[in-house]
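Take a look at the letters that make up each chain.
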Amino acid sequence: MRKSSGRLAGLAMPAEGKGQVGHAGGVHLQVLAERVGLGEELTYAMRRTGFAPRHERGRVLTDLACAIVLGAVAIADIAVLEHQRPVLRDTASAPTVWRTLEETGEQQLKRIALARAKVRRRVRALLAARPQGFPWISVNGRALEGWTVLDSDATPVGCASEKEGCAGTYKKRVYGLCPILTFCDNTGEMLAQHLRPGDAGANDTGDNIAIFEAAVAQLPGPYRRKILFRTDGAGFSCGLLAWIAPAGGRTHPSYTWEYSTGWTFTQREMDAVLALDALEKETGRTLWEPALDETGEPRENAAVAEITGLLGDLSTWPKGHRVFVHREPLHSRYAKDASAYETEHEVRLQAFATNTQGHQASWLDVRHRTHARAEPKIRDSKAESLNRFPSRHMKINQAWLAVTALACDLRAWLQLLALHGTSLAKATPKTLRYRFLHAPAVLVAGQRRRRLKIPRTWPWTDEIVTAFRRLLALPHLTRANPPRPAERRKQHATGAVEPGVIRHDSRRSHSPGNRPERERKRHHGHKINRSLP
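Residues numbered from 1 in each chain as written. Predicted model: local features only at pLDDT ≥ 70, side-chain atom pairs only at ≥ 80, totals over all residues. Heavy atoms only, no water.

**Here's the deal with the sheet that holds strand S12 (residues 289-292)**
Then, in step 1: Here we have nine strands laid out as an open sheet, ordered S9-S8-S4-S10-S11-S15-S14-S13-S12, and mixed in their pairing. The sheet is open, and its two borders are formed by strand S9 (190-194) and S12, each paired with just one other strand. Going across the sheet, the axis of each strand differs from the next one's by a mean of 25°, ignoring polarity.
Then, in step 2: Pairing of strand S10 (residues 226-231) with strand S11 (residues 256-263), which is carried by six bridges, proceeds in the parallel orientation. Bridging from a neighbouring strand, Phe229 pairs with Tyr259 of S11. (Pairing = 2+ DSSP bridges. Helix = DSSP H or I, 4+ residues; strand = E, 2+ residues; numbered from the N terminus. Axes fitted to C-alpha atoms, helices over the stretch in contact; angles between N-to-C directions.)

**With respect to unusual backbone geometry**
Then, in step 1: Notably, Asn140 is not glycine yet its phi reads approximately 55°, a positive angle.
Then, in step 2: Position of Asn140 relative to the elements: it lies in the loop between strand S2 (138-139) and strand S3 (142-143).
Then, in step 3: At Gln447, a position not held by glycine, the phi torsion is positive, near 55°.
Then, in step 4: Take Gln447: it is sitting in the loop between strand S16 (441-446) and strand S17 (449-453).
Then, in step 5: Judged by its relative accessible area of 69%, Gln447 falls in the exposed class. (Buried < 20%, exposed > 50% of the residue type's maximum accessible area, 1.4 Å probe, protein only.)

**Re the packing of helix H2 (residues 38-45) against helix H3 (residues 57-70)**
Then, in step 1: Here H2 crosses H3 at 125°, and the two axes come no closer than 6 Å. With respect to each other, H2 and H3 are oriented oblique. Crossing geometry of H2 relative to H3 is assigned as right-handed. Contact residues: H2 offers Leu38, Gly39, Leu42 and Thr43, while H3 offers Gly58, Arg59, Leu61 and Thr62.
Then, in step 2: Here the contact of H2 with H3 is composed, by residue class, of three nonpolar, four polar and one charged. (Parallel < 35°, antiparallel > 145°, perpendicular 65-115°, else oblique. Left-handed = near helix turned anticlockwise from the far one by under 90°. Contact = heavy atoms within 4.5 Å. Nonpolar A, V, L, I, M, F, W, Y, C, P; charged D, E, K, R; others polar.)

**Structural notes on the packing of aromatic side chains**
Then, in step 1: In this structure the tally under the stated criterion is 13 aromatic pairs.
Then, in step 2: An angle of 70° between the planes, with centres 5.9 Å apart, marks the rings of Phe229 and Trp243 as edge-to-face. With Phe229 in strand S10 and Trp243 in helix H9 (residues 238-244), the pair connects residues that are 14 residues apart, well separated along the chain. Taken individually, Phe229 and Trp243 each receive the classification buried, so the pair is uniform in this respect.
Then, in step 3: Within the aromatic cluster, the residues linked to one another by ring pairs are Phe212, Phe229, Trp243 and Trp257.
Then, in step 4: For the cation-ring pair, Arg48 lies above Phe51, with the distance from its terminal atom to the ring centre recorded as 4.0 Å. (Phe/Tyr/Trp six-rings, centres within 6.5 Å; stacked < 30°, edge-to-face > 60°. Lys NZ or Arg CZ within 6 Å of the ring centre and 35° of its normal.)

**Section: the side chain of Thr231**
Then, in step 1: Tracing the backbone shows Thr231 in strand S10.
Then, in step 2: According to the relative accessible area criterion, Thr231 is buried, its value standing at 3%.
Then, in step 3: If we skip the residues at most four places from it in the chain, Thr231 touches Ser152, Phe236, Leu240, Ser260, Thr261, Gly262, His368 and His371.

From the geometry alone we can't say anything about function, so treat these as descriptive.
Next up, the structure:
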């Protein structure tokens, strides 16, 4: 018989390993969640009077979000964390996760949103305290300091027909559900999410206003002052822009809300382009400005021009409403749906609208086109868990979507607070899992400490160790002051205790003066008479 002489000759694979821990990068997520107080806030949000589960519901949701970042696509994948019990201590099982999602109703979702907003205030404070400061958006090398940029988009998700709410979506050949999401372009967080039936429209005014209101509620007060709302042409409407322009009804002069949205290109806009071309020939002046890329360099054969004055009456739109047309070479992908003008001139025309004043058309065009960064964020979320809803019931799927948003936030915070300055700061979820989160380790206990040792030969060991040290350097969550007597009586009556507050009961105090005589004598080493009652 011929012996094997390959590189795997003599290799065996017995299941006899001890102390090995897979997905060691998940420990970073747990440390991060603990430092910002995510588990405590979620536990308080999921509280129920007279119900004391073995596994705190906030911890279960946090563990599920961490498992999603690690690559879990189903509830049963929580078993990955069960493998890490030597590190994480007690973890919930899949049935416990199912029960937790079933307990998450509309009221619990509202409380979870409040808990996320409270945690987000702490994270924003940590980001602002970094040497590089808060990540402001830059357009052509100019930082939009003080501006928060929100991107909203609806995306159809294909699902089986037996799931509640499934219907034909606005995208051809996609049958399922249609969630609407809002991301913060500054940080990459998913601020708000709402799961809708598949036949929900992309430009529903009520849904778009509601999702933006929920996103604004997630922002700390100083970050609500100056906001730029962006959406594509399928999501804008006159009612949405009328809500944004007056800052959602806020009358204080410190609020400045602006929008940059897609604009439907109809025959009226086509006539305006023809009039612009005729005026250009008549005057001999160039009315189209060269379009720029994100670095400020001119794009080849691309231009932008304002056509507000050529569109006629726009009095029904907000004050200061402006419309622009972007022109670029016609790609073969869009040649099938091109108009006669576009086919003749081999260009593609797109329109967008804004209420920003005092800027050049090319700069406004670059700022609007960066809305495309919402698409990679949606693609990354679908690669994690957005594309797989586990239940037939809409209630459980809504809870799953909320946990997906938690996972997106944890991944964004990890890259901002622990991986900044490394090659993984802008990595996609797939790359982050391959290089960082799925690293192997060995757990060693000794000298009253536990050490999780990463192999020195792992190519990204330095990034993993540096990130862990950065997370440990984050300040611990300080405990709140004890509530006032009236508030304490109300909490004891309802069974609710604020997170971080130690509940005191004088009948169970462990001070020597309040202990029974038998316990005091045992504490001081006295011999106890067993004959006493």
